[in-house]
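Below are the chains, spelled out letter by letter.
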Amino acid sequence: MGRPPSPDRIVTLLEVALEAAQAGAEVLVPRFGRERAAGSKSSPTDLVSEADLASERAIRAVIAARRPDDGVLGEEGTGDLEGTSGLRWVVDPLDGTVNYLFGHPQWCVSVAVEDEDGGVAGVVLDPLRGECFAAARGEGATLNSAPLPPPRDLTELGEALVATGFGYDAAVRERQAAIVAGLLPSVRDIRRAGSAALDLAWTAAGRHDAYFEFGVQHWDYAAGVIICREVGMSAQVLPGDGVLPTGLAVAKPALLEALVSRLAP
């Protein structure tokens, strides 16, 4: 295992994350509105496109050039690398693929780097809106290089705008729908936009007060959680059951406690 990154090295890693995310976005933007699904993954509704694969190739090329000894974990699983440096890149080359394929402008590129202590730096890039959310451990979080302000300190769940998402398996969706139905009367409102990484970035930016989702994958939230933590939010794993996968909830600590108490499967 390599040495923990120094503050200067952390900033350099963030620069690589930004470069990699921009490379992925440059592949995706020209294809938006014209791309078609190339197949499916976990279920017939879990789509993948050539754009996903091309974006991941572009991101991996940047990492290979700038950080050849690091590991890489990508959503599309195209040759995941172990690495020898003690650092691992976690890449979602197109978060919100269904939105992308249907022409909904709610998708992004997510790139994070981790060490044995967790997230080091992360970027969530929304190229259509020209918004780049970024954070590095101990360096704070930014939107287009401007510091993100601290989120509201809510303690009452009834005042909270809560973001969530749904899986692709029908049985899992049924359980998720039941949880949302039980939660809805107790919150200000619920939003489901279709990109977990953007949900988290928007939560850090105060556009939501909290986020939760069962079945979310590591590459979906790796960068977003770093950004949320750097504005003072906490993340908590949600236990699953025989049908419902484990999940993740993020909010300021007091609000997170109130939210998690209502999310038992």
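Small disclaimer: the values here were computed from a predicted structure and weren't measured. (Residues numbered from 1 in each chain as written. Predicted model: local features only at pLDDT ≥ 70, side-chain atom pairs only at ≥ 80, totals over all residues. Heavy atoms only, no water.)

Thoughts on the sheet that holds strand β9 (residues 146-147)
Heads up, the rule is: Two strands are said to pair when DSSP picks up at least two bridges between them. Each helix is a run of DSSP H or I of at least 4 residues and each strand a run of E of at least 2, with the numbering of both proceeding from the N terminus. Contacts were defined at the residue level, with two residues in contact if any of their heavy atoms lie within 4.5 Å. Geometry is summarised by axes, namely lines fitted to C-alpha atoms with helices restricted to the contacting stretch, and by angles between N-to-C directions that run from 0 to 180 degrees.
Judged by pairing direction, the sheet is mixed, and its seven strands sit side by side in the order β3-β4-β5-β6-β7-β8-β9 without closing on themselves. Of all the strands in the sheet, the pair left with one neighbour each is β3 (71-74) and β9. For strand β6 (residues 118-126) and strand β7 (residues 131-136), the ladder comprises six bridges, and the chain directions are antiparallel. Residue pairing across strands places Gly-122 opposite Ala-135, the latter belonging to β7. On top of the sheet, helix α1 (residues 7-28) reaches β4 (88-95), β5 (108-115), β6 and β7; it is set at about 35° to β6, its chief contact. Strands β3, β4 and β5 of the sheet are contacted by helix α2 (residues 50-66), whose axis makes an angle of about 150° with β4.

Thoughts on the pattern of salt bridges
Note the threshold: The salt bridge criterion pairs a side-chain nitrogen of Lys or Arg with a carboxyl oxygen of Asp or Glu, the two atoms within 4 Å. We call a residue buried when its accessible area falls under 20% of the maximum for its residue type, exposed when it is over 50%, and partly exposed in between, using a 1.4 Å probe and counting protein chains only.
This model, assessed by the stated rule, comprises 12 salt bridges. Notably, a salt bridge pairs Arg-88 with Glu-114, separated by 3.2 Å at the nearest N-O pair. In this pair, Arg-88 sits in strand β4 while Glu-114 sits in strand β5, placing the two residues 26 residues apart along the sequence. For Glu-114, a relative accessible area of 12% corresponds to the buried category. Here Arg-152 makes a salt bridge to Asp-209, at a shortest N to O gap of 2.7 Å.

Considering the UniProt feature "binding site: Mg(2+) 1" (unreviewed entry) in the protein
This is how it is decided: UniProt positions are given in the numbering used here, feature names are shortened, and annotations may be inferred rather than shown by experiment.
Per the UniProt record, "binding site: Mg(2+) 1" (unreviewed entry) is found at Glu-75, Asp-92, Leu-94 and Asp-95. These annotated residues cover 21 residues of sequence, and their C-alpha atoms all fall within 9.3 Å of one another, placing them together at a single site. Here Glu-75 lies in the loop between β3 and β4. Structurally, Asp-92 is set in strand β4. In contact with Asp-92, not counting residues within four places along its chain, are Glu-75, Val-109, Ser-110, Trp-219 and Asp-220.

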